[in-house]
Amino acid sequence: MTPEYEAEYRRRQHARAKVTAWILGALVILFFGIAIARMM
Amino acid sequence: MSSPAVQMTPALPAEWRDFLALTKPRVMTLVVFTGLCGLLAAPIHIHPILGFTSILCIAVGAGASGALNMWYEADLDAHMKRTRSRPLPAGRMDRQSALHFGVALGVGSVLLMGLAINLLAAAILAASILFYVLVYTVWLKRRTPQNIVIGGAAGAFPPLIGWVAATGHIDLLPILLFLLIFLWTPPHFWALSLFVRTDYAAAGVPMLPVVAGVRTTRLQVMLYTLPMAAAAVAPWPLGLTGAIYGIAASLLTAWFVLLAVRVGVSRETDQALMKPERALFKFSILYLFVLFGALVVDRLMLA
């Protein structure tokens, strides 16, 4: 694996991890909102 | 004697944008819009967070359908100019990732709909995903030129799901909205397939213009437009909507019929010169957006 290839590999992994984290965070907020809405 | 160690270079992971592309975001906009209109047109008020969740589930369910469709059709997509740059045929993603992604989205959207909204909405959402993937993509698309007619039902579910998410039951108006999209799909897709038919022929998809010819397709476009027009206008005389929707539906549908007749009487065979077909295809998208927008305005005014 060349250094350029490895850098690109890491960049993609990092970008995917960041998007996944944002989605999980949004889901946490959404589930909290749903729980509150269902109780009202 | 031991063999020399082979150093394998791992394949690059797909970009997150490629996963997004699998969900067919452009198709999703119409799905989200019609689903939202079904939800807003319902006579029962739903909590905004639950309404948002319903639309999110419809969108993610549509994304799952798109991803599974691309997973199954990667070989077809590679043969068509319109689709060959998609993540799978372009080699930017492996098929297994697409399959896992599609299944995860589908199961997640149905579970969330069932747990947060209601079981009927979840059941219809599951049916729409399975219908699109199994009935349309796997079963019909490569076998019959009527693929679009029956497959159109899959795209007709969102307003029904939106309505059921708000009310918990099925009524006449969402059934008419279902029928409207169901009957709108053939003229919409056949108009497109007329001017990209060489693409479909190259991929071996038995689209109507490829199998039955351009003339038959044009006739079918006109024929399907008539029941579609009836379904579009019907809510007004049936007393399900007011004059705002009624007048908008009448005017828009009259224009749609006029464009369909222009397609029907056209004798052009050169795809590049098929202006009436392109005009009908473009207008058909606008038609659905404006019609559903008028429905919501009308129902909110009535409320």
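How each quantity is defined
- Residues numbered from 1 in each chain as written.
- Chains lettered and ligands numbered in written order.
- Predicted model: local features only at pLDDT ≥ 70, side-chain atom pairs only at ≥ 80, totals over all residues.
- Helix = DSSP H or I, 4+ residues; strand = E, 2+ residues; numbered from the N terminus.
- Rg over C-alpha atoms; globule rule 2.2 N^0.38 Å.
- Buried ≥ 20, exposed ≤ 12 C-beta atoms within 10 Å, placed from the backbone.
- Contact = placed C-beta atoms within 7 Å.
- Domains from an automatic or database assignment.
- Nonpolar A, V, L, I, M, F, W, Y, C, P; charged D, E, K, R; others polar.
- Core = buried A, V, L, I, M, F, W, Y, C linked by C-beta atoms within 7 Å.
- Axes fitted to C-alpha atoms, helices over the stretch in contact; angles between N-to-C directions.
- Parallel < 35°, antiparallel > 145°, perpendicular 65-115°, else oblique.
- Expected span 1.5 Å × (residues − 1).
- Left-handed = near helix turned anticlockwise from the far one by under 90°.

(A) Summary view of the overall build of chain B. Across its full length, chain B holds 13 helices and 0 strands. Relative to its length of 303 residues, chain B is compact, with a C-alpha radius of gyration of 21 Å against a globular reference of 19 Å. For chain B, the spread of C-alpha atoms along the principal axes amounts to about 85 × 55 × 25 Å. The proportion of buried residues among the 303 residues of chain B is 50%. Nonlocal contacts in chain B, meaning residues at least 24 apart in sequence, comprise 73% of its contacts between residues at least 6 apart.

(B) Fine view of the overall build of chain A. The number of helices and strands found in chain A is 1 helix and 0 strands. Dimensions of chain A, computed from C-alpha atoms along their principal axes, come out at roughly 55 × 10 × 5 Å. In chain A, which comprises 40 residues, the share counted as buried stands at 0%.

(C) Spotlight on the domain arrangement of chain B. Residues and elements named next belong to chain B. Segmenting chain B into domains produces domain 1 (16-170) and domain 2 (171-303). With centres defined by C-alpha atoms, the gap from domain 1 to domain 2 works out at 21 Å. On the side of domain 2, 28 residues touch domain 1, which itself brings 29 residues to the contact. When contributions to the side of domain 1 that touches domain 2 are tallied by element, the ones reaching two or more residues are helix H2 (25-41) and helix H7 (147-167). Per-element tally for the side of domain 1 that touches domain 2: the top contributor is H7, with 10 residues. Grouping the constituent residues of the side of domain 1 that touches domain 2 by class yields 17 nonpolar, 7 polar and 5 charged.

(D) Representation of the nonpolar core. All names here are of chain B. Counting residues in each nonpolar core, the largest one holds 101 residues, and the members touching the most others are Ala-67, Met-113, Ala-121, Leu-125, Ile-161 and Leu-291. In terms of residue count, the dominant contributor to this core is helix H8 (residues 172-195) (14 residues). Counting contributing residues, this core receives three or more from each of domain 1 (16-170) and domain 2 (171-303). Apart from the residues lying within four places of it in its own chain, the contact partners of Met-113 are Ser-54, Cys-57, Ala-121, Ala-122 and Leu-125.

(E) Quick look at the interface of chain A and chain B. Listed as interface residues are 14 residues of chain A and, on the opposing side, 10 residues of chain B. Considered class by class, the residues forming the side of chain A that touches chain B number 9 nonpolar, 2 polar and 3 charged.

(F) Region of interest: the environment of Leu251(B). The topology assignment puts Leu251(B) in helix H12 (residues 243-265). Separated by 36 residues in the primary sequence, Leu251(B) and Tyr287(B) have C-alpha atoms spaced 10 Å apart.

(G) Expanded view of the packing of H12(B) against helix H13 (residues 275-302) of chain B. Residues and elements named next belong to chain B. It is the contact of H12 with H13, at a shortest axis distance of 9 Å, that shows an interaxial angle of 170 degrees. When the interaxial angle is binned, H12 and H13 end up roughly antiparallel. Looking at side-chain class alone, the contact of H12 with H13 contains 21 nonpolar, 1 polar and 3 charged residues.

(H) Seen up close, H2(B). Residues and elements named next belong to chain B. A rise of 1.5 Å per residue sets the reference length of H2, with its 17 residues, at 24 Å; its end C-alpha atoms lie 24 Å apart and thus fit the reference within 8%. For H2, the set of buried residues is Met-28, Val-31, Thr-34, Gly-35, Leu-36, Cys-37, Gly-38, Leu-39, Leu-40 and Ala-41. Looking at the buried positions of H2, the neighbouring elements they touch are helix H3 (48-72), H7, H8 and H13.

(I) Region of the structure containing the environment of Val205(B). Residue and element names in this part refer to chain B. By the secondary structure assignment, Val-205 is in the loop between helix H9 (197-203) and helix H10 (208-211). Judged by the 20 C-beta atoms lying within 10 Å of it, Val-205 is buried. It is 26 Å that separates the C-alpha atoms of Val-205 and Val-261, two residues lying 56 residues apart in sequence. When neighbours within four sequence positions are excluded, Val-205 is seen to be in contact with Leu-76, Lys-141, Arg-142 and Tyr-200.

(J) A look at helix H1 (residues 3-39) of chain A. The end-to-end C-alpha separation of H1(A) is 54 Å, in line with the 54 Å expected for 37 residues at 1.5 Å each. Of all 37 residues that make up H1(A), 0 are buried, and the element is exposed over most of its length.

(K) Up close: unusual backbone geometry. Residues and elements named next belong to chain B. Despite not being glycine, Lys-24 has its phi angle at roughly 50 degrees, a positive value. Relative to the helices and strands, Lys-24 resides in the loop between helix H1 (16-22) and H2. A residue is classified by how many C-beta atoms lie within 10 Å of it, and Lys-24, with 18 of them, is partly exposed.

(L) Quick look at the packing of H3(B) against helix H5 (residues 95-117) of chain B. Residue and element names in this part refer to chain B. The contact between H3 and H5 brings their axes to 8 Å, and the two run at 155 degrees. The angle between H3 and H5 places the two elements in the roughly antiparallel class. Regarding H3 and H5, the two cross each other, and that crossing is left-handed. Per-class residue counts for the contact of H3 with H5 are 17 nonpolar, 8 polar and 1 charged.

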